[in-house]
Amino acid sequence: MPKEHFDEYQPLLIKDKKRPKVRGSLLLAACAACIGGTFQYGYNVSVINAPTVYVQTFINQTWRERYQTEISENILTLLWSTIVSVFTLGGFIGATVGGTLSVKLGRKGTLLTNNIFALAAALLLGLSYPTGFFELLIIGRLLTGINAGIGICVQPLYLGEIAPTAFRGVMGMGTSVFITGGILTGQVIGLKELLGGEEYWPILLSTTCIPAILQLLVLPWFPESPRYLLIDKGDEDGCKIALKQLHGTDGCNGELEDIEKERDNLASFNARKPWELFTDRTVRWQLLTIIVLNVAQQLNGINAIYFYADYVFKQSGIPDDKIPYVTVGTGACECITALTCGMLIESLGRKVLITGGYTLMSICCILFTLTLTFQDASPVVPYMSMACISGFILSFGLGPGGVTNILTTELFTQTARPAAYMISGSVNWLSFFFIGLVFPFIVIRLQHYCFLVFLAVCSSVAIYIILVVPETKNKTFLEIQSEFQSSNNRKACSVEVTAILLNTGSIWL
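Values in this document were obtained by computation on a predicted structure and should not be read as measured data. (Residues numbered from 1 in each chain as written. Predicted model: local features only at pLDDT ≥ 70, side-chain atom pairs only at ≥ 80, totals over all residues. Heavy atoms only, no water.)

Undergrad: Whenever I open this one, the overall build of the protein confuses me. Can you help?
TA: Within the protein, the regular secondary structure consists of 22 helices and 0 strands. Across the 509 residues of the protein, 52% fall into the buried class. At a minimum sequence separation of 6, the contacts of the protein that also span at least 24 residues come to 83%. With an accessible surface of roughly 23300 Å², the protein has 67% of that area assigned to carbon and sulfur atoms. (Helix = DSSP H or I, 4+ residues; strand = E, 2+ residues; numbered from the N terminus. Buried < 20%, exposed > 50% of the residue type's maximum accessible area, 1.4 Å probe, protein only. Contact = heavy atoms within 4.5 Å. Areas by Shrake-Rupley, 256 points an atom, 1.4 Å probe, with all protein chains shown as cover.)

Here it is as structure tokens:
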């Protein structure tokens, strides 16, 4: 090869040679964090569905034994709704304290401490039937919610801070993969062939202790977040040891340099409070972005799709006793899509995936509305509805389900990140509670036309992302912050120019 050609390709060869590799210790640390973090969230969302009838029978029997009278239908519905929905209240509480705990105890320390709630919840849920106190189910579900709220707040924080810049998207996808994995695991274990039988439901609900025990056994062997050690605690030696364990001797120098740059840039700042972010104009668009994305994650119609799934499956001729197995299939599809998103996120980027996901979901909303409208027009139409369900779930997992938490990590620097997760988590859980409260009334009023509401949400968010959110792939946290600040300056300049032109025009007039 001529020398000039070699010189042309030499920088590419050097760049490829220096490309970091993901070590096994880093992947194991991520799995150890996720199994007791977002896996618990997904697991406890789905596992409560299988024993619905059995728990209601238990409440009825307990009420009869206590008061020598049958429980009214309204009270039974109220108690069951409380058992299910108190999980979201616990999640909100967990999200509001998770950021503060992550600063005081560290990311790893908070995840380990969080297992106390899961173990206590498992004990109460398991004892509810033998003791005859259905009130323990309410307290247990509240504690599982707190555990899930803290986990979904702190675990993505930990993953984002231990990951090298080049693989931050892949590592961040662990959140989505383990949520969908938890949902799928809950669906499988809830089958009648396993723990879905009437006599096993207390054991089924108490299995939330297993992920907690696994995390307590495995996570202590891995280090605290290097960024937390250096920037928050000033422990340079601890940071270097953590980086060597996670990235190896060769890969730790570049990451240490990035962390030191961020520390120097934030030298005069302490950990921010949530209300301080609302008054800081420099993070205004980042804050608005995570609020929009987290509201949309709950209000985009994914819950409505699952609500209509059983109806569509019945219309397609699937027997009632086979529907749980089809539901497991949809959970498996979502899990596979999350894994696919993890493989694509570093090549396509965050913006392409999340924009494409919301765009495809908008198309599915239109098609699903049409198929539900003409459900009885042809025997083929119910199968088209099933295809729309699968397409919507796959689109959600490919974009919004996986990328939202990653962007919350990437749009903020170290001192603001815990507060940002407290805000995004609180908004997410409040939206979860809101859609659970309002969705039945939306369905009653609009029926299948409710998907036109979700069409408006999905299309609006897609447009917002295109106009406001920059691509964050392969960029350091400081580079992302600088890009947002320059964007803010451009917006401010355009506003000033517009004002000047308007004033000039008014003078001429």
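Undergrad: So what exactly am I meant to see when it comes to the packing of aromatic side chains here?
TA: For any pair of aromatic rings, the description rests on two quantities: the centre-to-centre distance and the angle between the ring planes. One pass over the full model with this rule turns up 11 aromatic pairs. With 5.7 Å between their ring centres and 70° between their planes, Phe-451 and Phe-454 make a pair best called edge-to-face. Of the two residues, Phe-451 and Phe-454 both sit in helix α21 (residues 450-468), 3 residues apart, roughly one turn of that helix. The pair Phe-451 / Phe-454 is uniform in exposure class, with both members buried. (Phe/Tyr/Trp six-rings, centres within 6.5 Å; stacked < 30°, edge-to-face > 60°.)

Undergrad: For this particular structure, what's the right way to read the environment of Cys-209?
TA: With respect to the secondary-structure elements, Cys-209 resides in helix α10 (residues 209-218). Each C-alpha atom of the pair Cys-209 and Gln-40 lies 9.4 Å from the other, and the pair is 169 residues apart in sequence. Leaving out residues up to four positions away in the same chain, Cys-209 has contacts with Leu-119 and Ala-122.

Undergrad: Quick question: what am I supposed to make of a nonpolar patch on the surface here?
TA: Residues Leu-360, Ile-363, Ile-366, Leu-367, Leu-370 and Phe-374 make up a contiguous nonpolar surface patch of about 540 Å² in total accessible area. Relative to the helices and strands, Ile-366 is located in helix α17 (residues 350-373). By relative accessible area, which is 41% here, Ile-366 ends up partly exposed. (Patch = residues over 30% accessible without salt bridge, like charges linked within 9 Å, V, L, I, M, F, W, Y side chains within 5 Å. Salt bridge = Lys/Arg side-chain N within 4 Å of Asp/Glu carboxyl O.)

Undergrad: Help me understand the state of the cysteines in this model?
TA: By definition, a disulfide links the sulfur atoms of two cysteine residues through a covalent bond. Under the defined criterion, the tally for this structure stands at 0 disulfides. Distance from the sulfur of Cys-31, which forms no disulfide, to the nearest cysteine sulfur (Cys-34) is 6.6 Å. (Disulfide = S-S within 2.5 Å.)

Undergrad: Would you mind going over the side chain of Arg-141 with me for this structure?
TA: Relative to the elements of secondary structure, Arg-141 occurs in helix α7 (residues 135-162). Despite being buried, Arg-141 has no salt bridge partner; Glu-135 is the closest side chain of opposite charge, sitting 15 Å away. A distance of 2.9 Å separates a polar atom in the side chain of Arg-141 from the backbone oxygen of Asn-44. Aside from chain neighbours lying at most four places away, what touches Arg-141 is Asn-44, Ile-48, Ile-83, Val-84, Val-86, Phe-87 and Leu-125. (Lys, Arg positive; Asp, Glu negative; His and termini not counted. Polar contact = N/O pair within 3.5 Å; in protein donor to acceptor, adjacent residues only side chain to side chain.)

Undergrad: Looking at this structure, I do not really get the pattern of salt bridges. What am I missing?
TA: Oppositely charged side chains are able to pair whenever their charged atoms sit close together. According to the stated counting rule, one finds 7 salt bridges in the structure shown. For Arg-66, the salt bridge goes to Glu-135, with nearest N and O atoms at 2.8 Å. Of this pair, Arg-66 sits in helix α4 (residues 52-67) while Glu-135 sits in helix α7, and the two are 69 residues apart along the sequence. Taking relative accessible area as the criterion, Arg-66 reaches 28% and is therefore assigned partly exposed. Of the charged contacts in the structure, one is a salt bridge between Lys-261 and Glu-257, with a shortest N-O distance of 3.7 Å. Placement of the pair is Lys-261 and Glu-257 together in helix α12 (residues 236-265), with a separation of 4 residues, close to one helical turn. Of the residues examined, Glu-257 reaches a relative accessible area of 44% and is grouped as partly exposed.

Undergrad: Sorry if this is basic, but what is going on with the packing of helix α6 (residues 107-131) against α7 here?
TA: Packed helices, taken two at a time, are described by their axes: the angle between them and the distance between them. Interaxial distance between α6 and α7 falls to 8 Å at its minimum, and their mutual angle equals 160°. With respect to α7, the axis of α6 lies roughly antiparallel. Where α6 crosses over α7, the two elements pack in a sense that is left-handed. Residue composition of the contact of α6 with α7, by class: 17 nonpolar, 10 polar and 4 charged. (Axes fitted to C-alpha atoms, helices over the stretch in contact; angles between N-to-C directions. Parallel < 35°, antiparallel > 145°, perpendicular 65-115°, else oblique. Left-handed = near helix turned anticlockwise from the far one by under 90°. Nonpolar A, V, L, I, M, F, W, Y, C, P; charged D, E, K, R; others polar.)

Undergrad: Just checking my understanding: could you explain the side chain of Thr-289 for this structure?
TA: Tracing the chain through its elements places Thr-289 in helix α14 (residues 284-299). For Thr-289, a relative accessible area of 0% gives the class buried. If sequence neighbours within four positions are ignored, Thr-289 has contacts with Leu-411, Tyr-464, Val-468 and Val-469.

Undergrad: Which parts of the structure should I look at to understand the confidence of the model for the protein?
TA: Taken over all residues, the pLDDT of the protein has a mean of 81, while the share at 70 or more is 87%. Model confidence for the protein, summarised as mean pLDDT per element, is weakest for helix α1 (residues 3-17) at 41 and strongest for α10 at 95. In the model, residues 1-18 has pLDDT below 50 throughout and makes 1 contact with residues more than four positions away in sequence or in other chains. Across residues 492-509, confidence stays below pLDDT 50; counting only partners more than four residues off in sequence or on other chains, it has 0 contacts. (pLDDT = per-residue confidence, 0-100.)

Undergrad: Got a minute to help me understand the nonpolar core in this structure?
TA: Among soluble globular proteins, nonpolar side chains are generally buried collectively. Grouped together as the largest cluster of nonpolar side chains are 48 residues, with contacts concentrated most on Ile-59, Leu-137, Tyr-158 and Ile-162. Elements with a contribution of two residues or more to this core: α2 (24-35), α3 (38-46), α4, α5 (73-104), α6, α7, α8 (168-189) and α9 (201-206). Take this core: its biggest share by element is 10 residues, from α7. What Leu-137 contacts, discounting residues up to four positions off in sequence, is Val-55, Phe-58, Ile-83, Leu-125, Ser-128, Trp-201 and Leu-205. Phe-87, Leu-299, Tyr-464 and Val-469 belong to the second-largest nonpolar core, a separate cluster that totals 46 residues. (Core = buried A, V, L, I, M, F, W, Y, C linked by side-chain atoms within 4.5 Å.)

Undergrad: Is there a simple way to think about unusual backbone geometry in this case?
TA: Negative phi values dominate among residues other than glycine, just as trans dominates among peptide bonds. A positive phi angle is found at Gln-68, which is not glycine, with a value near 50°. Note that Gln-68 resides in the loop between α4 and α5.

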